[in-house]
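Residue-level structure breakdown
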Amino acid sequence: MPFYDIAGLKVRMNNCGGRSEKQAIPYLAENQDPNQQFDIDINVTKERVTAAVAEHPELNQGDWEYMLTGNDFYTELIKHDGILLHSSCVVVDGVAYAFSADSGTGKSTHTQLWLKHFGDRAYILNDDKPAIRIIDGKVYACGTPWSGKYDCSTPAVVPLAGICFLERSENNWIKPAETNKAIFNIFSQTIRKLGAAAMDRLMDNLNELFDKVPIYSLGCNISEEAVITSYNAMKKEMKDFE
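First, a word on scope: everything that follows refers to the structure included in this document. (Residues numbered from 1 in each chain as written. Predicted model: local features only at pLDDT ≥ 70, side-chain atom pairs only at ≥ 80, totals over all residues. Heavy atoms only, no water.)

Points about the side chain of N205
Locating N205 in the fold gives a position in helix 6 (residues 196–212). For N205, the contacting residues outside a window of four places in its chain are I78, D81, G82, I83 and I134. (Helix = DSSP H or I, 4+ residues; strand = E, 2+ residues; numbered from the N terminus. Contact = heavy atoms within 4.5 Å.)

Digging into the packing of helix 2 (residues 46–55) against helix 3 (residues 61–77)
In the contact formed by helix 2 and helix 3, the axes pass within 9 Å of each other and the chain directions differ by 115°. Seen from above, helix 2 lies across helix 3 with right-handed handedness. Across the interface between the two elements, R48, V49, A52 and V53 of helix 2 pack against Q61, W64, E65, L68 and D72 of helix 3. (Axes fitted to C-alpha atoms, helices over the stretch in contact; angles between N-to-C directions. Left-handed = near helix turned anticlockwise from the far one by under 90°.)

Here's the deal with the pairing of strand 9 (residues 138–142)
Counted residue by residue, strand 9 has 4 buried out of 5 residues, so it is predominantly covered. In this sheet, strand 9 lies alongside strand 8 (residues 131–135) in antiparallel orientation, the contact comprising 5 bridges. Considered in strand 9, the bridge of R133 is made with Y140. Hairpin connection from strand 8 to strand 9: 2 residues lie between these consecutive antiparallel strands, with D136 at a positive phi of about 50°. (Buried < 20%, exposed > 50% of the residue type's maximum accessible area, 1.4 Å probe, protein only. Pairing = 2+ DSSP bridges.)

Let's talk about helix 6
For helix 6, spanning 17 residues, the distance from its first C-alpha to its last is 25 Å, which sits close to the expected 24 Å at 1.5 Å a residue. Along helix 6, the residues classified as buried are M199, L202, N205, L206 and L209. Mapping the buried residues of helix 6 onto a view down its axis gives an arc of 120°, with all of them on the same face. Across helix 6 from its buried face, at more than 90 degrees, point the exposed residues A196, A197, D200 and D211. Among the structural elements, strand 4 (82–84), strand 8, strand 9, strand 10 (157–168) and helix 5 (179–188) are those in contact with the buried residues of helix 6. (Expected span 1.5 Å × (residues − 1). Arc of directions from axis to C-beta.)

Focus: the side chain of T190
Looking at where T190 falls in the secondary structure, it is placed in the loop between helix 5 and helix 6. For T190, a relative accessible area of 5% gives the class buried. In this structure the side chain of T190 is engaged in a polar contact, spanning 2.6 Å, whose partner is the backbone oxygen of L84. Discounting residues that sit within four places of it in the chain, T190 has contacts with I83, L84 and L202. (Polar contact = N/O pair within 3.5 Å; in protein donor to acceptor, adjacent residues only side chain to side chain.)

Some thoughts on the nonpolar core
Of all hydrophobic cores here, the largest spans 52 residues; its most connected members are V11, F73, L160, I163 and L209. At 6 residues, helix 3 tops the list of elements feeding residues into this core. Once you skip the residues sitting within four places of it in the chain, F73 turns out to touch I6, A7, V11, I40, I42, A131, T144 and W146. With 21 residues, the next largest nonpolar core counts F99, A122, L218 and A226 among its residues. (Core = buried A, V, L, I, M, F, W, Y, C linked by side-chain atoms within 4.5 Å.)

A word on unusual backbone geometry
Phi at D81 takes a positive value of approximately 55°, unusual for a residue other than glycine. Here D81 is to be found in the loop between helix 3 and strand 4. With a phi angle near 50°, D136 is a residue other than glycine that sits in the positive phi range. As for its position among the elements, D136 is in the loop between strand 8 and strand 9.

Section: the environment of W146
Mapped onto the fold, W146 is located in the loop between strand 9 and strand 10. For W146, a relative accessible area of 3% corresponds to the buried category. Taking C-alpha positions, W146 is 8.2 Å from N126, a pair spaced 20 residues apart along the chain. Contacts of W146, omitting those with residues within four sequence positions, involve I6, M13, I42, Y66, T69, G70, F73, Y74, N126 and K129.

Here's what the structure looks like:
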């Protein structure tokens, strides 16, 4: 029953093989003492996987195991001042920038342009499901093993400069997100099938996140200018926000 360091938390995972185990290798904790304390316990039983496959046979056993372990982690993350944000998160000079949108909008394409523009100064923290946590009053983006079909993640916890919600546009522009729209966007890109107590905690986490991190709407095309537009605005705002 291995232990992992994920998003600044000690995580124990049982019955996890295949894709889940492979993508979690970079997150293995140095301390594997079976008697140590842990923050999150994930136990995906064969019965849960079998039931999921029976209901949705278009996905195989490995896919469901991967999805269930991720669901368990992000549900428990809410108890630790965190949320899942479906997004592509890039780090430049030790600061994280998260880009969220519906699938197919181009968030991964946009962050790949950041890698091209910034070179060795940049890396992808997580290309699909970074964890966002509030730690000691500050907001951090965190790599996790649940990182999409290309498994692009880094086991790091990095200060978060801001969150951008992408939309396609012929011209590049960025502006502070309207509050109602931003609430809807974040809520639609996080885990929502929760009980009453967990939903209350999620809303508390979201309220604190809105108080501490700038949130933007970004219209962009596939160009280097889109990178410069978003980076300059978010970096300037972070200095003002600190």
